[in-house]
Amino acid sequence: MADFGEILRTIGEFGFFQQVTLFALCFPNIVQAFVFASFIFIQTDPERHCNTDWILRTDPNLTIDEQLNLTLPREVDGSFSRCRMFVPVDWDISAIREYGLNETTVCQSGWIYYNMLYEATIVTDFDLVCDRANLVEVIQALFMSGILIGSFVFGPFAESFGRKRANQIPLVIMFIFVVTTALCPNVYFYLISQFLVGVGTGGYRMNCIILAIEWIGPSKRSWGVCVFQLFGAVGQCILAGMIYAIRHWRLAQLITAIPVALVAVYIWFIPESARWLLVRGRSEEAKQLIVKAATINKRTVPDSLLDKIVVKDTVNKGGIKIIFRSSLLTRYFFIILLAWFSFNLALYWLYLNMGTFGLSIFMTQLLFGAIEIPANLLSMWLLEVFGRRVLYIVTLVLSGLASILMLSVPQGHGIVVTCCAVAARLFLTWASSICTVFIQELFPTSVRQTASALGSISGRIGSLLSPLLNILAIYHWVTPISVVGSLTIFSGVIGFLLPETRKKELPETADEAEGNRTVAYSQTASIPKLKSTKM
């Protein structure tokens, strides 16, 4: 009998077929950074005053200073109010000058914005200021909710309908609503569109990694996740340049839709996971894909090996309950879930607050992406040299320490704060790669996608709570960073309870997962070369 690991060693663990598939699946991650642009690159409290052009009907020759002095109340510090104006009256200009105006109201005709860093943002287009300013946090939280729902829906969907479909549908959803987001006439349509973009983003991010990894052998499996993260890092750098050059959120959304449209076309030609097909008992379809992969990799597969393929009878036998029937797998599961929650809470809190670190938001964005490129390239090598568990512990602990170190930096040292934040993000991104690899290697094929979906859901809950974490600052300004740092450090420390999975085959059954399969890559040297067989 031959399992899928033996087949991969025969057709090539990371040949041209796997490389093209991985590139095609990872390319959208460059664009996914852009979907955050419209609610990250904003000025939450722009310079502004109420639109009081009503007074120009009484005297169109008023200077701007005269207009503001007559129509706007002043704050305690002497500046003009940003959120209130005097109630308009039907008096002539001489009466207004003589008696003045005293009764105030909220802005009735919108706002006039000035000294803007951007040409247009959702804040200025939808007037998300004053009593509507909290809608910015609502948008962020709703987008994260969409990612959560996407992970929840398309994780189990992939178990039943395949990895391929679970990538295609979210990608199409993302394309449609990236376009509608750019065309939204008001904030309420924008909220709905961003939620659905989040659904597509959450569904695709999780499933594309698994589809790629299930075609890659043990010696290069960590490459799948690292390349995915690498594409995301490149996207972060491109995003900084794009927003710096464009500075108009609607145009940025439309530009984002162009590469997504390209992916929405070729995603229909991505191959299904042969491993999943075998688990579902669809061996003939799996064999056809195996032969196709071998041909592209310039390898051959003998009939005798194909005839010996083992079809694991694991379909619909307990579902996610498989994990909870084993105390060992349950322990692994909750350790990974806590880590996923912790690093997403920290990662998105840093991302959503990068405009407050004291350095240019464009430079911070560029640094966030640029530092991840060498980190991910290095991670491909270190994961195979040192293994998963050591790096899992080190990256989570160091990210927590880097976050807490921000508390020791005196105010006014924006460069130092940004360096600490960049270091924390570096280790958090690294931890994200390791957790994603770990959850693939710890659980059997029949529940791998569901386990990954639940892990992703845990992470999305963390990202959903990240915009709300700043509320804790009302108790003390150090509270949000303390929570972020403490959680990640604790998550790293309990990583000592996880096993090492480096160069071990993906488990197909719960028994194999409990035993932490030991079919190492070094055994591939003993496999004889197979003669070509015509198919």
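Just above, that's the structure.
Residues numbered from 1 in each chain as written. Predicted model: local features only at pLDDT ≥ 70, side-chain atom pairs only at ≥ 80, totals over all residues. Heavy atoms only, no water.

Some words on the state of the cysteines
The final tally for this structure, using the stated rule, is two disulfides. Between the sulfur of cysteine 50 and that of cysteine 107 lies a disulfide, 1.7 Å long from S to S. When the S-S torsion is -55 degrees, as for the bridge of cysteine 50 with cysteine 107, the disulfide is left-handed. Of this pair, cysteine 50 sits in strand 1 (residues 48–50) while cysteine 107 is found in the loop between strand 3 (104–106) and strand 4 (111–113), placing the two residues 57 residues apart along the sequence. Here cysteine 107 falls in the buried class, since its relative accessible area comes to 12%. Between the sulfur of cysteine 83 and that of cysteine 130 lies a disulfide, 2.0 Å long from S to S. Note on the cysteine 83 and cysteine 130 pair: the S-S dihedral is about -90 degrees, so by sign convention the disulfide is left-handed. One end of the pair, cysteine 83, is in the loop between helix 5 (64–71) and strand 2 (84–86); the other, cysteine 130, is in the loop between helix 7 (122–125) and helix 8 (135–161), and 47 residues separate them in sequence. A relative accessible area of 26% means that cysteine 83 is categorised as partly exposed. For cysteine 130, a relative accessible area of 23% gives the class partly exposed. Numbered by position along the chain, the disulfide-linked cysteines of the protein connect as 1-3, 2-4. Looking at cysteine 435, it has no disulfide partner, and the nearest cysteine sulfur is the one in cysteine 226, 12 Å off. (Disulfide = S-S within 2.5 Å. Helix = DSSP H or I, 4+ residues; strand = E, 2+ residues; numbered from the N terminus. Buried < 20%, exposed > 50% of the residue type's maximum accessible area, 1.4 Å probe, protein only.)

Brief notes about the nonpolar core
In this structure, Phe41, Tyr392 and Phe443 are the most contacted members of the largest nonpolar core, which totals 159 residues. Among the elements that line this core, the one with the most residues is helix 17 (residues 327–352), at 18 residues. Each residue touching phenylalanine 443, except ones within four places of it in the same chain, is listed here: Ile323, Leu329, Tyr332, Phe333, Arg448, Ala451, Pro507 and Ala513. (Core = buried A, V, L, I, M, F, W, Y, C linked by side-chain atoms within 4.5 Å. Contact = heavy atoms within 4.5 Å.)

Regarding a nonpolar patch on the surface
A cluster of nonpolar side chains, Leu378, Trp381, Val385, Phe386, Val390, Val394, Leu398 and Leu401, forms an exposed patch at the surface whose accessible area comes to about 700 Å². Put simply, the parts of the chain that give the nonpolar patch at least two residues each are helix 19 (372–385) and helix 20 (388–405). Per element, the largest residue contribution to the nonpolar patch is four residues, and it comes from helix 20. Residue position: tryptophan 381 is located in helix 19. Overall, tryptophan 381 belongs to the exposed group, its relative accessible area being 52%. (Patch = residues over 30% accessible without salt bridge, like charges linked within 9 Å, V, L, I, M, F, W, Y side chains within 5 Å. Areas by Shrake-Rupley, 256 points an atom, 1.4 Å probe, with all protein chains shown as cover. Salt bridge = Lys/Arg side-chain N within 4 Å of Asp/Glu carboxyl O.)

Looking at the packing of helix 9 (residues 163–182) against helix 10 (residues 187–213)
Packing of helix 9 against helix 10 leaves a shortest axis separation of 7 Å and a crossing angle of 150 degrees. Relative to helix 10, the element helix 9 lies roughly antiparallel. As helix 9 packs across helix 10, the resulting crossing turns out to be left-handed. (Axes fitted to C-alpha atoms, helices over the stretch in contact; angles between N-to-C directions. Parallel < 35°, antiparallel > 145°, perpendicular 65-115°, else oblique. Left-handed = near helix turned anticlockwise from the far one by under 90°.)

Here's the deal with empty space enclosed by the protein
Applying the stated criterion across every chain yields a total of four cavities of 30 Å³ or more. Within this model, the largest cavity holds a volume of roughly 500 Å³. Taken together, 28 residues form the lining of the largest cavity, with Arg205, Gln229, Tyr348, Ser432 and Arg460 sitting closest to its centre. Looking at the lining of the largest cavity, the elements that each hand over two or more residues are helix 3 (28–32), helix 10, helix 11 (221–246), helix 17, helix 21 (414–442) and helix 22 (445–465). Considering only residue class, the lining of the largest cavity consists of twelve nonpolar, twelve polar and four charged. (1 Å grid on protein atoms, 1.4 Å probe; cavity = no way out; pocket = protein on both sides within 12 Å on 5 of 7 lines; lining within 4 Å. Points joined across faces, edges and corners; volume = space filled by probe spheres on them. Nonpolar A, V, L, I, M, F, W, Y, C, P; charged D, E, K, R; others polar.)

Describing helix 10
With 27 residues, helix 10 extends 39 Å between its outermost C-alpha atoms, agreeing within 8% with the 39 Å of an ideal straight helix rising 1.5 Å per residue. For helix 10, the buried fraction is high: 21 of the 27 residues fall into the buried class. The N-capping residue of helix 10, defined by a side-chain oxygen 3.0 Å from the backbone nitrogen of tyrosine 188, is asparagine 186. (Expected span 1.5 Å × (residues − 1). Polar contact = N/O pair within 3.5 Å; in protein donor to acceptor, adjacent residues only side chain to side chain.)

Focus on the packing of helix 11 against helix 19
When two helices pack together, you describe them by how their axes are tilted relative to each other and by the distance separating the axes. Relative to each other, helix 11 and helix 19 sit at 175 degrees, their axes nearing to 8 Å. It follows that helix 11 is roughly antiparallel to helix 19 by the angle criterion. Here Ser222, Trp223, Cys226, Val227, Gln229, Leu230, Ala233, Val234 and Cys237 of helix 11 lie close against helix 19, whose contacting residues are Glu372, Ile373, Asn376, Leu377, Ser379, Met380, Leu383 and Glu384. Of the residues belonging to the contact of helix 11 with helix 19, the class tally is eleven nonpolar, four polar and two charged.

Some points on the environment of glutamate 47
Within the fold, glutamate 47 resides in the loop between helix 4 (37–40) and strand 1. Residues in contact with glutamate 47, not counting those within four places in the same chain, are Arg82, Ile112, Tyr113, Tyr114 and Asn115. In this structure the side chain of glutamate 47 is engaged in a polar contact, spanning 2.8 Å, whose partner is the side chain of arginine 82.

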